[in-house]
Amino acid sequence: DGLVTSRYKQDGKWETSERPLPDLQSLFEQEPYIFENDLVLHQIKKAPKSPLSLQVDAVHAPAILQEHPEERPYYPMITLCVEEESMEVLNAVTYPETKENPKHILECVVEVCKDMRPKEIIIRTQTIEWVLEDFCNKTDIKLVVRERLPEFDEVVSHLENEFS
C-alpha cells in the first residue's frame, strides 16, 4: 500500500516515475518445502527428547564475504539455531543467498535435532515457516510462530558487535 518513486535522466531531462510497492505478503506465501530424507527423519525420531526450545531464523551475516579476489563481495546468509533460555548458538550455517536456502536452513536444524529432539522450534512470523513446517510435522516437533524473537535478535546483535 505505497508507491516507489524513482528519478532518472532521459534525453537531458529529469523524469519521475511512480509504481506501486510490491505485495510483500506474496513473498511469504510459498508452498511448504517437503522434507524427504527418511533416514534422517528416523534418526531424529530416535534422538532423545529434550525440554529445550530452539529459536531459528536466517539473516544476512554482519560481514562481507569475498571468496576469490576476482569475485564480487556479498553479505552471506546465516542460519542460526539458538537455545532460547541460555541463548547458546547450537549451530550456524553460512551460505550465499540462493534458491538453495531451504536446504541450508534445514541443514542447520537437522544437525541439532540429530543429537536431541527439542520440545519446540520457534520461528519469526512469516519468515521460514514454509521451510520447517513439513519437517516439524514429520519429526513430532512443535513449530511455534512468534511476532518477535528477542533472544535470537540479541545473539545477532552480539555477532554484529564482534564484526564491527
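Rules and cut-offs
- For every chain, the first residue of the written sequence is number 1, and numbering continues from 1 along that sequence.
- It should be noted that, the model being predicted, local features are given only for residues of pLDDT at least 70 and side-chain atom pairs only at 80 or more, the latter also being counted only at that level, while totals for whole chains, interfaces and linings use all residues.
- To get the side-chain values, take all heavy atoms of the structure and skip hydrogens and water.
- Axis definition: a line fit to C-alpha positions, over the contact stretch in the case of helices; interaxial angles, taken between N-to-C directions, run 0 to 180 degrees.
- Where helices and strands are cited, they refer to DSSP runs of H or I of at least four residues and of E of at least two residues respectively, numbered from the N terminus.
- Roughly parallel refers to an angle under 35 degrees, roughly antiparallel to one over 145, roughly perpendicular to one between 65 and 115, and oblique to any angle outside these ranges.
- Two helices cross in a left-handed way if the nearer one is turned anticlockwise from the farther one by less than a right angle. They cross in a right-handed way if the turn is clockwise.
- We call two residues in contact when some of their heavy atoms are within 4.5 Å.
- Stacked, tilted and edge-to-face are the three classes assigned to paired rings of Phe, Tyr and Trp, where Trp is represented by its six-membered ring and a pair needs centres within 6.5 Å; plane angles under 30 degrees give stacked, over 60 edge-to-face, the rest tilted.
- Residue burial is assigned from relative accessible area. The probe radius is 1.4 Å, only protein chains are included, and a residue is buried under 20% of its type maximum, exposed over 50%, and partly exposed in between.
- In a helix, the anticipated span is given by 1.5 Å times the number of residues less one.
- What the arc describes is the spread of directions from the helix axis to the C-beta atoms.

Caption draft 1: Representation of the packing of helix 3 (residues 101–113) against helix 4 (residues 129–139) in the model. Helix 4 packs onto helix 3 with a crossing angle of 40 degrees between their chain directions and a minimal axis gap of 10 Å. Comparing the axis directions of helix 3 and helix 4 gives the class oblique. As for how helix 3 packs across helix 4, the hand of that crossing is right-handed. Between helix 3 and helix 4, the residues in contact are Pro102, Ile105, Leu106, Val109, Val110 and Cys113 and Trp130, Val131, Leu132 and Phe135, respectively.

Caption draft 2: Structural view of the packing of aromatic side chains. Taken as a whole and assessed by the stated rule, the structure comprises 1 aromatic pair. Aromatic pair phenylalanine 35 and phenylalanine 135: ring centres 5.2 Å apart, planes at 80 degrees, arrangement edge-to-face. Remark: phenylalanine 135 occurs in helix 4 and phenylalanine 35 occurs in the loop between helix 1 (25–28) and helix 2 (38–46); sequence separation between them is 100 residues. By relative accessible area, phenylalanine 135 is classed as buried at 0%.

Caption draft 3: Quick look at helix 5 (residues 150–163). With 14 residues, helix 5 should cover 20 Å at 1.5 Å per step; its first-to-last C-alpha distance of 20 Å lies within 8% of that length. Taken residue by residue, helix 5 has Phe152, Val155 and Val156 as its buried positions. End-on view of helix 5: buried residues confined to an arc of 95 degrees, all on one side of the axis. The elements touched by buried residues of helix 5 are strand 3 (53–60), strand 4 (77–83), strand 5 (89–95) and strand 6 (120–124).

All we've got here are geometric facts, nothing functional implied.
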